[in-house]
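# Descriptive analysis of the structure
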Amino acid sequence: QVQLVESGGGLVQAGGSLRLSCAASGRTFSNYQMGWFRQAPGKEREFVAAINGIGGSTYYADSVKGRFTMSRDNARNTVSLQMNSLKPEDTAVYYCAASATSFDRGIVVRSRNYGYWGQGTQVTVSP
């Protein structure tokens, strides 16, 4: 079992920044690829970013590339999502997730390949 707890969400004006964190407990953290997903009201959950177990490789959705940066600290069992140049369309509940699959883009962008999820944290970007 892996338990995930997100923090860092909030209200920010367009153009601002937020940093989300996800604290993990349970099994060996570095064995898991980690992902961030988001879900806006009335929309399906969508992929945002993923990072491999050792933190050497990342994938990003085209909509956030160049604005968001995902990182992890395996010594502290945490992953982070630095979000800059935020836009109103970034408004959503953001979820941290852990996957025991291989780090292949076709796999990590799909929410069904993640076995563990946090409770989510709300990010609201005002115009």
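These figures come from a predicted structure and were not determined experimentally.

All right, on to the overall build of the chain then. Scanning the chain from N- to C-terminus turns up one helix and eleven strands. N-terminal to C-terminal, the α/β element order of the chain is β-β-β-β-β-β-β-β-β-α-β-β. On C-alpha atoms alone, the chain measures out to a radius of gyration of 13 Å, which is about the 14 Å that the 2.2 N^0.38 rule sets for 127 residues. Seen through its principal axes, the chain has C-alpha atoms that stretch 40 × 30 × 25 Å. When the 127 residues of the chain are sorted by exposure, 42% land in the buried category. Taking contacts inside the chain between residues at least 6 apart in sequence as the whole, the part at least 24 apart equals 60%.

This model, assessed by the stated rule, comprises one disulfide. Here Cys22 engages in a disulfide with Cys96; their sulfurs sit 2.1 Å apart. Its S-S torsion of approximately -75° makes the covalent link between Cys22 and Cys96 left-handed. Taken together, the residues Cys22 in strand S3 (residues 18–26) and Cys96 in strand S9 (residues 92–99) connect sequence positions 74 residues apart. In this pair, the class of Cys22 matches that of Cys96, namely buried.

Parameters at a glance
Residues numbered from 1 in each chain as written. Predicted model: local features only at pLDDT ≥ 70, side-chain atom pairs only at ≥ 80, totals over all residues. Heavy atoms only, no water. Helix = DSSP H or I, 4+ residues; strand = E, 2+ residues; numbered from the N terminus. Rg over C-alpha atoms; globule rule 2.2 N^0.38 Å. Buried < 20%, exposed > 50% of the residue type's maximum accessible area, 1.4 Å probe, protein only. Contact = heavy atoms within 4.5 Å. Disulfide = S-S within 2.5 Å.

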